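# Survey of secondary and tertiary structure
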Amino acid sequence: ELKLKEGMLQMGLGPKVYTLSWVFIFVVTYFVMALLLTIIGANSVFEYSDKGIVFAFFFLFFVSTIAFAFFLASFFQKARSASTYGSLIFFLTVFPYFGISGDDSSASSKLGACILPSTCFAVGTFPFVEYEANGVGVNSENINSTKDVNVSMGQVLGMFIVDTV
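No experiment lies behind these values; they were computed from the predicted model shown.

Cut-off values and rules
Residues numbered from 1 in each chain as written. Predicted model: local features only at pLDDT ≥ 70, side-chain atom pairs only at ≥ 80, totals over all residues. Heavy atoms only, no water. Helix = DSSP H or I, 4+ residues; strand = E, 2+ residues; numbered from the N terminus. Expected span 1.5 Å × (residues − 1). Buried < 20%, exposed > 50% of the residue type's maximum accessible area, 1.4 Å probe, protein only. Arc of directions from axis to C-beta. Contact = heavy atoms within 4.5 Å. Phe/Tyr/Trp six-rings, centres within 6.5 Å; stacked < 30°, edge-to-face > 60°. Lys NZ or Arg CZ within 6 Å of the ring centre and 35° of its normal.

## Some remarks on helix α8 (residues 153-164)
Given a rise of 1.5 Å per residue, twelve residues ought to cover 16 Å, and the 17 Å separating the end C-alpha atoms of α8 matches this to within 8%. By the burial criterion, the buried members of α8 are Met153, Val156, Leu157, Met159, Phe160 and Asp163. Viewed along the axis of α8, the buried residues span an arc of 155°, placing them on a single side of the element. The secondary structure elements touched by the buried residues of α8 are α3 (51-73), α6 (107-113) and α7 (117-133).

Structure follows, in structure tokens:
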């Protein structure tokens, strides 16, 4: 559309450097957002949870969303169609959560649905809700526990990393 990428490539910028510059901008932006969300929710929503785990949850979600956006963008040639359809597809990836949100869903089906970042974010709310309601919060002692929920926060964070790769 504006041919900015082509102009930079003609001036000697490598394609990997161009892509990494966008990744860097998004990672820094989302780092600040995750930090702000952690600070804002520290004394209210995530009162009992370890703040490092809360930060990791938000930051890894954002990073996996960046990777998902780059993945979706590879299917489109125009920025306008990529942003329109990409937003729609990202919104639609929340819907598998409704199929697996019941107590009768197995841990493997929930982890399988976690291949989509927005569904994984929704699944990650299970441990937070359960442990915060019990006045314990998610911490280093129960991050891998599936006692009260059939998917642990450690598994959710691991799936965010898998989503990113």
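That shown, we press on.
## Thoughts on α7
Helix length check: α7, at 17 residues, gives a terminal C-alpha distance of 25 Å against a target of 24 Å (1.5 Å per residue), a fit within 8%. Where burial is concerned, most of α7 is hidden: twelve out of the 17 residues are buried. Buried within α7 are the following residues: Pro117, Ser118, Thr119, Cys120, Ala122, Val123, Gly124, Phe126, Pro127, Phe128, Tyr131 and Glu132. The inward-facing, buried residues of α7 abut α3, α4 (79-92), α5 (96-100), α6 and α8. A positive backbone phi angle near 75° is found at Gly135, which sits one or two residues after α7.

## Here's the deal with the packing of aromatic side chains
This model, assessed by the stated rule, comprises 24 aromatic pairs. With a centroid separation of 5.6 Å and 5° between ring planes, the pair formed by Phe55 and Phe59 is classed as stacked. Here the residue Phe55 and the residue Phe59 both occupy positions in helix α3, the gap between them amounting to four residues, near one helical turn. For the pair shown, Phe55 and Phe59 are each scored as buried. An aromatic cluster is present here, built from Trp22, Phe26, Tyr30, Phe46, Phe57, Phe58, Phe61, Phe62, Phe121, Phe128 and Phe160 joined pairwise through their rings. Sitting above the plane of the Phe126 ring, Lys110 keeps its charged end 4.3 Å from the centroid.

Function cannot be inferred from these measures alone, as they are strictly geometric.
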